[in-house]
Amino acid sequence: MAAFTWDDLRYVLAIEASGTALGAARRLGVSHSTVLRRLATLEGALNTRLFERNDGRMVVSPPATMLMAKARSIAEAFDALPQLIDGPNSGLEGIVRVAAPQALICHALTDALGEFRTAHPSIRISLCADMQFDDFRRGHADVALRISLAVPNELGIRRLCDYRFALYAHNDLALQMRAGATLEEMPFILLSDASRDMPERKWMVSLTEGRTPAIEASSTVVCRAAVAAGLGVGVLPCYVGDATPGVTRIEMGPATPREGIYLITHPTQSRTARSRAVADFLIKFVTRRRDAFSGAALAATLS
């Protein structure tokens, strides 16, 4: 068997995490051809096909299952090495990497970080938007806020509050609906197929019964911009939609998606004092804004 290196395993782990060679290339910051070449080299060295094609995605082949499990274990051990030096007695200084959905960072978290910086000026925050969960598990971030996604048992998880979605439209479209226009008559905005497993997309698909959207949006941030521009009705988290000028919430009964915001910590990173300080801040930040995240803040002003 030909020799191979740890660097070769990085490529196959990236393919496994993203499901495509192109996605792996983007994660690693290399070209698509480089990923394919490194994969072919490793498969040649092992004399085994590591991936199979399944509905347009690259899925780990049965013979490679044990290899991938061991590669993930090696990656987690490698990424944890710095924490063996930067241990529990670390002071309140240095970098803490916070992973969170892009919308949560852009429309809530950044507004609160000034308060944290005042209390802890020696701690630097690195914001990581929409980080892949496998990257977080390997230690590429220290603390994460996530929306109702299952996590492995070895990670710390704490539910902080409810998280609700609702329909929103520019005031002009909302007036039309108040005057009797139905959702079937309205243009609408749908998250793109890459988000097909997200509850807000599933809900909009069910409401529109498979109709073609006026706009497809690659993210919540893009969907918000399209709704605010009057391009159609869209589903937004309540804390985003309720705070968007010129936009009205359209209630569609009690069946709106309700999820939760969770604080996720990695056992290795959570030992440091600075990571604990950031985690405590995030808990207080989300708890203070629980009514905004659950949609209750707007309901209270309307009652």
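Residues numbered from 1 in each chain as written. Predicted model: local features only at pLDDT ≥ 70, side-chain atom pairs only at ≥ 80, totals over all residues. Heavy atoms only, no water.

Caption draft 1: Spotlight on helix α5 (residues 102-119). Relative to the 26 Å expected for 18 residues at 1.5 Å per residue, α5 spans 24 Å between its end C-alpha atoms, a close match to the ideal helical length. Within α5, the axis deviates most sharply at L109, by approximately 55°. Those residues of α5 not exposed but buried are A103, L104, I105, A108, L109, A112, L113 and F116. (Helix = DSSP H or I, 4+ residues; strand = E, 2+ residues; numbered from the N terminus. Expected span 1.5 Å × (residues − 1). Bend = angle between axes of the 7 residues up to and from the residue. Buried < 20%, exposed > 50% of the residue type's maximum accessible area, 1.4 Å probe, protein only.)

Caption draft 2: Spatial organisation of the packing of α5 against helix α11 (residues 273-288). Remark: α5 packs on α11, axes separated minimally by 11 Å, with the N-to-C direction vectors making an angle of 125°. What the angle tells us is that α5 and α11 run oblique. Regarding α5 and α11, the two cross each other, and that crossing is right-handed. Facing α5, whose interface residues are A108, L109, A112, L113, E115 and F116, α11 presents A277, V278, F281, L282, F285 and R288. (Axes fitted to C-alpha atoms, helices over the stretch in contact; angles between N-to-C directions. Parallel < 35°, antiparallel > 145°, perpendicular 65-115°, else oblique. Left-handed = near helix turned anticlockwise from the far one by under 90°. Contact = heavy atoms within 4.5 Å.)

Caption draft 3: Geometry of the layout of surface pockets. Considered as a void within the structure, the largest pocket measures approximately 1,500 Å³ in volume. Lining the largest pocket we find 42 residues, and of these D130, Q132, A194, S195 and M198 sit closest to its centre. Listed by contribution, the elements that provide at least two residues to the lining of the largest pocket are α1 (6-18), β3 (94-100), α5, α6 (133-137), β5 (143-147), β6 (156-170), α8 (199-208) and α9 (220-228). (1 Å grid on protein atoms, 1.4 Å probe; cavity = no way out; pocket = protein on both sides within 12 Å on 5 of 7 lines; lining within 4 Å. Points joined across faces, edges and corners; volume = space filled by probe spheres on them.)

Caption draft 4: Just α9, in detail. Among the residues making up α9, those that are buried are T220, C223, A226 and V227. Down the axis, α9 shows its buried residues gathered within 120° of arc, on one side only. G230 lies just past α9 and shows a positive phi near 80°. (Arc of directions from axis to C-beta.)

Caption draft 5: The arrangement of empty space enclosed by the protein in detail. Summed over the entire model, instances satisfying the criterion amount to 1 cavity of 30 Å³ or more. Size it by volume and the largest cavity reaches roughly 40 Å³. Elements with a contribution of two residues or more to the lining of the largest cavity: β7 (189-191) and α8. Here the lining of the largest cavity is built from residues that sort into 6 nonpolar, no polar and 2 charged. (Nonpolar A, V, L, I, M, F, W, Y, C, P; charged D, E, K, R; others polar.)

Caption draft 6: The arrangement of the packing of aromatic side chains in detail. Evaluated as defined, the whole model comprises 7 aromatic pairs. Arranged with centres 4.9 Å apart and planes meeting at 65°, the rings of Y239 and F293 form a pair that is edge-to-face. Pair noted here: Y239 is in helix α10 (residues 238-241) and F293 is in helix α12 (residues 290-294), with a separation of 54 residues, a long-range link. Assessed through its relative accessible area of 3%, Y239 is described here as buried. Among the aromatic side chains, those forming a connected cluster through ring pairs are F116, Y163, F165, Y239, F281, F285 and F293. Positioned above the aromatic ring of F293, the side-chain terminus of R289 is 5.8 Å from the ring centre. (Phe/Tyr/Trp six-rings, centres within 6.5 Å; stacked < 30°, edge-to-face > 60°. Lys NZ or Arg CZ within 6 Å of the ring centre and 35° of its normal.)

Spatial relationships are all this shows, so hold off on functional conclusions.
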